[in-house]
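Letter by letter, the chains look like this.
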Amino acid sequence: DNCCGMIDWKQNAVGLPAFGLGLDNPDFVTFARSFGVKGYRVSKPSELTEFIHGAFEEGGVHLIEVPISYDWAKDKVAHFEEESLAIRDKALEKFGNVAIC
């Protein structure tokens, strides 16, 4: 995802800006081919099935890169973060600050 996606979500959830997370993904297909492995990069959903079937039919070692966007999950993570903070606030209200060792 060209970054450390989960760390980015956590930083955003607590109001911190993304820092030091922008990374370039390696070219996995070229990397695989450098080891003699057949490599494929999925650019549309229908190719995934095509590549999987082809790999099984041909045999041998194959690498199939499937780029994924985590944008769909950001709202879900934010929702769970809000729930977690609400539970924390209720616990603090009831029990005060408690150190767990």
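Throughout what follows, the structure given in this document is the object of discussion. No experiment lies behind these values; they were computed from the predicted model shown.

## Brief notes about the overall build of the protein chain
Then step 1. Secondary structure summary: the protein chain contains four helices and two strands in total.
Then step 2. Counting from the amino terminus, helix and strand elements in the protein chain follow one another as α-α-β-α-β-α.
Then step 3. Evaluated residue by residue, the protein chain yields a buried proportion of 18% over its 101 residues.
Then step 4. Look at the contacts in the protein chain between residues 6 or more apart in sequence, and 38% of them connect residues 24 or more apart.
Then step 5. Only carbon and sulfur atoms are counted for the fraction: they give 61% of the accessible area of the protein chain, which is about 8,200 Å².

## Concerning helix α3 (residues 45-58)
Then step 1. With 14 residues, α3 extends 21 Å between its outermost C-alpha atoms, agreeing within 8% with the 20 Å of an ideal straight helix rising 1.5 Å per residue.
Then step 2. Where α3 is concerned, the buried positions are E47, F51 and A55. On an axial view of α3, the arc spanned by its buried residues comes to 65 degrees, and they lie on one face. In α3, the exposed residues that point more than 90 degrees away from the buried face are P45, S46, E50, F56 and E57.
Then step 3. The secondary structure elements touched by the buried residues of α3 are β1 (38-41) and β2 (62-65).
Then step 4. One or two residues past the end of α3 sits G59, with phi positive at roughly 80 degrees.

## Examining the pairing of β1
Then step 1. Sheet analysis places β1 next to β2, joined by four bridges and oriented parallel. Across the sheet, the residue bridging to G39 is L63, located in β2.
Then step 2. In this view, the connection linking β1 to its parallel neighbour β2 by way of α3 has right-handed handedness.

## Here we look at the pattern of salt bridges
Then step 1. Tallied over the entire structure, the rule returns three salt bridges.
Then step 2. The shortest N-O distance in the salt bridge between R41 and D27 comes to 2.6 Å. With R41 in strand β1 and D27 in the loop between α1 (5-13) and α2 (28-34), this pair connects stretches of sequence that are 14 residues apart.
Then step 3. Since its relative accessible area comes to 38%, R41 is described here as partly exposed.

## Considering the packing of aromatic side chains
Then step 1. Using the criterion set out here, one finds two aromatic pairs in the structure.
Then step 2. With 5.2 Å between their ring centres and 75 degrees between their planes, F31 and F35 make a pair best called edge-to-face. The exposure classification of F31 matches that of F35, with both residues exposed.
Then step 3. Ring geometry for Y40 and F51: centres 5.0 Å apart, planes at 25 degrees, overall stacked. Here Y40 is found in strand β1, whereas its partner F51 is found in helix α3, with 11 residues between them in sequence.
Then step 4. The exposure class of F51 is buried, given its relative accessible area of 14%.

## Points about the environment of I7
Then step 1. Mapped onto the elements, I7 comes out in helix α1.
Then step 2. Take I7: its relative accessible area is 44%, and that puts it in the partly exposed class.
Then step 3. The spacing of I7 and L21 is 14 residues in sequence and 8.0 Å in space, taken between C-alpha atoms.

About the cut-offs
- Residues numbered from 1 in each chain as written.
- Predicted model: local features only at pLDDT ≥ 70, side-chain atom pairs only at ≥ 80, totals over all residues.
- Heavy atoms only, no water.
- Helix = DSSP H or I, 4+ residues; strand = E, 2+ residues; numbered from the N terminus.
- Buried < 20%, exposed > 50% of the residue type's maximum accessible area, 1.4 Å probe, protein only.
- Contact = heavy atoms within 4.5 Å.
- Areas by Shrake-Rupley, 256 points an atom, 1.4 Å probe, with all protein chains shown as cover.
- Expected span 1.5 Å × (residues − 1).
- Arc of directions from axis to C-beta.
- Pairing = 2+ DSSP bridges.
- Right-handed = clockwise from strand over helix to strand, strands pointing away.
- Salt bridge = Lys/Arg side-chain N within 4 Å of Asp/Glu carboxyl O.
- Phe/Tyr/Trp six-rings, centres within 6.5 Å; stacked < 30°, edge-to-face > 60°.

Purely geometric numbers; function is a separate question.
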